[in-house]
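Chain and residue survey
Residues per chain are reported as follows:
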Amino acid sequence: MVYAMRALACLLIAAPLAQCFYLPGVAPQDYARDDLVNFKVNKISSTKTALPFEYYSLPFCRPDPIINSAENLGEVLRGDRILNSLYQIQVRLDEPCKVVCKLDGVTADQAKQFKKKIDDEYRINMILDNLPAAMVKYREEAGTSIKMYEMGFPIGFKAATEEGGEAKHFINNHLRFTILYHKDIETDLARIVGFEVEPFSVKHEYEAPWDPVKPSLETCHPGRMQYVTHGLAPQMVQEGEEVIFSYDVVFKMSNIRWASRWDTYLLMMDDQIHWFSIVNSLMIVVFLSGMVAMIMLRTLHRDISKYNQLETVDEASEETGWKLVHGDVFRPPTRFGALTVYVGTGVQIIGMTVVTLVFAVLGFLSPSNRGGLMTAMLLLFALCGLFAGHSSARLFKMFQGTDWKSNTLDVAFLFPSVVFVVFFVLNLLIWGQKSSGAVPFGTLFALFFLWFGISVPLVFIGSYFGFKKPAVEDPVRTNKIPRQIPEQTWYMHPSLVILIGGVFPFGAG
């Protein structure tokens, strides 16, 4: 009775804490009218170069000081660099023609930077209330228009000012933000459920002299009912040009509830996903696998039918077909140590994949938690070292291996070492390009800790307990003298077969 009362008391104490618990990135934020909210800027990215850069690597309007938001391991590896900005809004207050800053005379180097990023199709990524900025696109399906999002917005574009003329560079210096919000009728508080952006390029004109505190634009003046449209003269990128950055804010009430605000983002158009190539590769793999399975089934069926038709004992004892190899199937391969290492690594990767998918299905890896997927995969890969060591040791003992410690070292270091060397070389190249995708020293130290502090010890623990268990017995006895393998034709050489088997599914994609 005393223990039951103590358990009840613990539950009552923990109840208020349970009400305050939220999964990462899932806690809603309520805003009152006129609450001040600041935008954050993320990396600029491109599907053309796949090299992200920090937002302020280009001469955009800078706050003082620039504050770096804390990123998790996955965000750093993805190249995310979340910083503060001069863009801000007041909740549920429409504000047209807000000026951010004026860039006095673009230098030759700045113009060159802008032009290069525009040529490489770089896009700007912004964040508001943990939602990324997205451009609205519509897709027609069965006569129905479906609203979709396209992540970020382009820095600028190239166009010819006259027919047949040379294409020139223009910068998107005016942004129209449409903030979708869901209002609570009882409390009058609002939750942001959408962050849409429409970029414009406009050569702003203003009343001289320039007033940095209260600038007055002639191309965007609410008092004169003058607003930015795509019909205005665009802002060209060239040396000596003045560039004025501005934005509009429009709030729209939405029926979308806070829990469903990511649904439209999940339908977004992503140029980096080549669906046709993926489906094509999968279909070829399924076709080839089915073809091999059919050949094996036909061969087995023919052999079994022949065995059933044998009438005499002498005929039944004669080894034909699959009976010829039953005494050699479980013979340890020449390099069984390497096989056990590959099997252990495969178990580690499969374990990581399965657990990650389970967590994703249960909703723990929400898209609002940027970098959560990659962080979870790295941590789970390190933790699955336990299963890698155990499975490798069991197979190693089955092949009658004795030096299990050497085998464990290979499991713990072979695959991670290859991946790390490739990663380190690529990181040096990215660092040379001054990309935000370059991993800093602190993150490298964290990866080393995951490897040497978690994965390696778990591999040894799993291998120790795996090798202590009795060896797995073969279902049939292995012949002492290995059967001679007939000489194969040149096109049946293992290297060529492996090459063709990989080229068919992946080369066709």
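Residues numbered from 1 in each chain as written. Predicted model: local features only at pLDDT ≥ 70, side-chain atom pairs only at ≥ 80, totals over all residues. Heavy atoms only, no water.

1. Considering a nonpolar patch on the surface
A cluster of nonpolar residues, Tyr342, Leu414, Val418, Val421, Val422, Val425, Leu426 and Leu429, forms a patch on the protein surface that exposes about 760 Å² of accessible area. Broken down by element, the residue count for the nonpolar patch peaks at 7 residues, all from helix H10 (residues 404-432). (Patch = residues over 30% accessible without salt bridge, like charges linked within 9 Å, V, L, I, M, F, W, Y side chains within 5 Å. Areas by Shrake-Rupley, 256 points an atom, 1.4 Å probe, with all protein chains shown as cover. Salt bridge = Lys/Arg side-chain N within 4 Å of Asp/Glu carboxyl O. Helix = DSSP H or I, 4+ residues; strand = E, 2+ residues; numbered from the N terminus.)

2. Thoughts on empty space enclosed by the protein
To find leftover empty space, a probe the size of one water molecule is rolled over the atoms. Taken as a whole, this structure holds 1 cavity of 30 Å³ or more when the rule is applied. One number sums up the size of the largest cavity: a volume of about 50 Å³. If you go around the largest cavity, the residues you meet are Tyr55, Phe60, Tyr87, Ile124, Met126, Phe153, Asn172, Asn173, Leu175 and Phe245. (1 Å grid on protein atoms, 1.4 Å probe; cavity = no way out; pocket = protein on both sides within 12 Å on 5 of 7 lines; lining within 4 Å. Points joined across faces, edges and corners; volume = space filled by probe spheres on them.)

3. Some words on the side chain of Asn125
Relative to the elements of secondary structure, Asn125 occurs in strand E4 (residues 123-128). In terms of polar contacts, Asn125 uses its side chain to reach the backbone carbonyl oxygen of Lys43, at 2.9 Å. The residues touching Asn125, leaving out its near neighbours within four places in the chain, are Val41, Asn42, Lys43, Ile44, Ser45, Met151 and Gly152. (Polar contact = N/O pair within 3.5 Å; in protein donor to acceptor, adjacent residues only side chain to side chain. Contact = heavy atoms within 4.5 Å.)

4. Here we look at the state of the cysteines
All chains considered together, the criterion is met by 2 disulfides. Shown here is the disulfide that connects Cys61 with Cys101, its sulfur atoms set 1.8 Å apart. Taking the torsion about the S-S bond as the criterion, the Cys61 to Cys101 disulfide, at about -75 degrees, is left-handed. With Cys61 in the loop between strand E1 (36-45) and helix H2 (73-78) and Cys101 in strand E3 (residues 95-103), this pair connects stretches of sequence that are 40 residues apart. A sulfur-sulfur distance of 1.9 Å marks the disulfide that ties Cys97 to Cys220. The disulfide joining Cys97 to Cys220 has a torsion of about -80 degrees about its S-S bond and is therefore left-handed. Pair noted here: Cys97 is in strand E3 and Cys220 is in the loop between strand E12 (190-200) and strand E13 (243-253), with a separation of 123 residues, a long-range link. Ordinal numbering of bonded cysteines along the protein chain defines a disulfide pattern of 1-3, 2-4. (Disulfide = S-S within 2.5 Å.)

5. Regarding the packing of aromatic side chains
Describing an aromatic ring pair means giving the distance of the ring centres and the angle of the ring planes. In the structure shown here, the tally under the stated rule is 35 aromatic pairs. Judged by centre distance (4.9 Å) and plane angle (85 degrees), the rings of Tyr55 and Tyr56 are edge-to-face. Residue classification places Tyr55 among the buried residues on the basis of a relative accessible area of 3%. Taken together, the ring pairs in this structure connect Phe336, Phe396, Phe399, Trp404, Tyr464, Phe465 and Phe467 into an aromatic cluster. (Phe/Tyr/Trp six-rings, centres within 6.5 Å; stacked < 30°, edge-to-face > 60°. Buried < 20%, exposed > 50% of the residue type's maximum accessible area, 1.4 Å probe, protein only.)

6. Notes on the layout of surface pockets
For the second largest pocket, the calculated volume is near 670 Å³. When residues of the lining of the second largest pocket are traced back to their parent elements, those giving at least two are H2, helix H7 (336-361), helix H8 (372-383), H10 and helix H11 (441-468). When residues in the lining of the second largest pocket are grouped by element, the largest group, 8 residues, is from H10. Each residue belonging to the lining of the second largest pocket can be placed in one class, and the counts come to 21 nonpolar, 3 polar and 1 charged. (Nonpolar A, V, L, I, M, F, W, Y, C, P; charged D, E, K, R; others polar.)

7. Let's talk about the packing of H7 against helix H9 (residues 385-398)
Running from N to C, H7 and H9 point in directions that differ by 150 degrees, and their axes come no closer than 8 Å. Judged on the interaxial angle alone, H9 and H7 are roughly antiparallel. The two elements H7 and H9 cross, and the hand of that crossing is right-handed. On H9, the residues that touch Phe336, Gly337, Thr340, Val341, Val343, Gly344, Val347 and Gln348 of H7 are Gly385, Phe387, Ala388, Ser391, Ser392, Leu395 and Phe396. Per-class residue counts for the contact of H7 with H9 are 8 nonpolar, 7 polar and no charged. (Axes fitted to C-alpha atoms, helices over the stretch in contact; angles between N-to-C directions. Parallel < 35°, antiparallel > 145°, perpendicular 65-115°, else oblique. Left-handed = near helix turned anticlockwise from the far one by under 90°.)

8. Points about the nonpolar core
Across soluble globular proteins, nonpolar side chains show a tendency to be buried alongside one another. Judged by nonpolar contacts, the single largest core of 52 residues is most densely connected at Tyr87, Met126, Phe177 and Phe195. If you look at the next biggest cluster of nonpolar residues, it comprises 17 residues, including Ala388, Phe420, Val439 and Ile454. (Core = buried A, V, L, I, M, F, W, Y, C linked by side-chain atoms within 4.5 Å.)

9. Here we look at the pairing of strand E9 (residues 156-160)
By the bridge criterion, 5 bridges tie E9 to strand E10 (residues 167-171) in an arrangement that is antiparallel. Each residue of the ladder has a partner; that of Phe157, found in E10, is Phe170. Adjacent in sequence and paired antiparallel, E9 and E10 are bridged by 6 residues, among which Gly164 carries a positive phi angle near 80 degrees. (Pairing = 2+ DSSP bridges.)

10. Observations concerning the confidence of the model for the protein chain
Scored by pLDDT, the protein chain has a mean of 85; 89% of the residues are at 70 or more. For the protein chain, per-element mean pLDDT is lowest for helix H1 (residues 2-19), which scores 43, and highest for strand E8 (residues 153-154), which scores 96. The low-confidence segment residues 1-25, where pLDDT is below 50, has 9 contacts with residues more than four positions distant or belonging to other chains. (pLDDT = per-residue confidence, 0-100.)

11. Section: the environment of Phe465
As for its position among the elements, Phe465 is in helix H11. Along the sequence, Phe465 and Arg394 sit 71 residues apart, while their C-alpha atoms lie 9.1 Å from each other.

12. Points about the packing of H7 against H8
Running from N to C, H7 and H8 point in directions that differ by 140 degrees, and their axes come no closer than 9 Å. As the angle between them shows, H7 and H8 are arranged oblique. Crossing geometry of H7 relative to H8 is assigned as right-handed. Judged by residue contacts, Gln348, Ile349, Met352, Val355, Thr356 and Phe359 of H7 engage Leu373, Met377, Leu380 and Phe381 from H8. Broken down by class, the residue content of the contact of H7 with H8 amounts to 8 nonpolar, 2 polar and no charged.

13. Thoughts on the pattern of salt bridges
Under the definition given, this model contains 18 salt bridges. Across the pair Lys147 and Glu196 runs a salt bridge whose closest N-O atoms are separated by 2.5 Å. Taken as a pair, Lys147 in strand E7 (residues 144-151) and Glu196 in strand E12 lie far apart in primary sequence, 49 residues in all. Looking at Lys147, the relative accessible area reads 30%, which means it is partly exposed. Residue Asp248 is joined to Arg176 by a salt bridge in which the shortest nitrogen-to-oxygen separation is 3.1 Å. Here Arg176 lies in strand E11 (residues 174-183) and Asp248 lies in strand E13, a separation of 72 residues in the sequence. Under the relative-accessibility criterion, Asp248 is labelled buried at 3%. If you follow the salt bridges from partner to partner, you end up with Lys43, Arg78 and Asp80 in one network.

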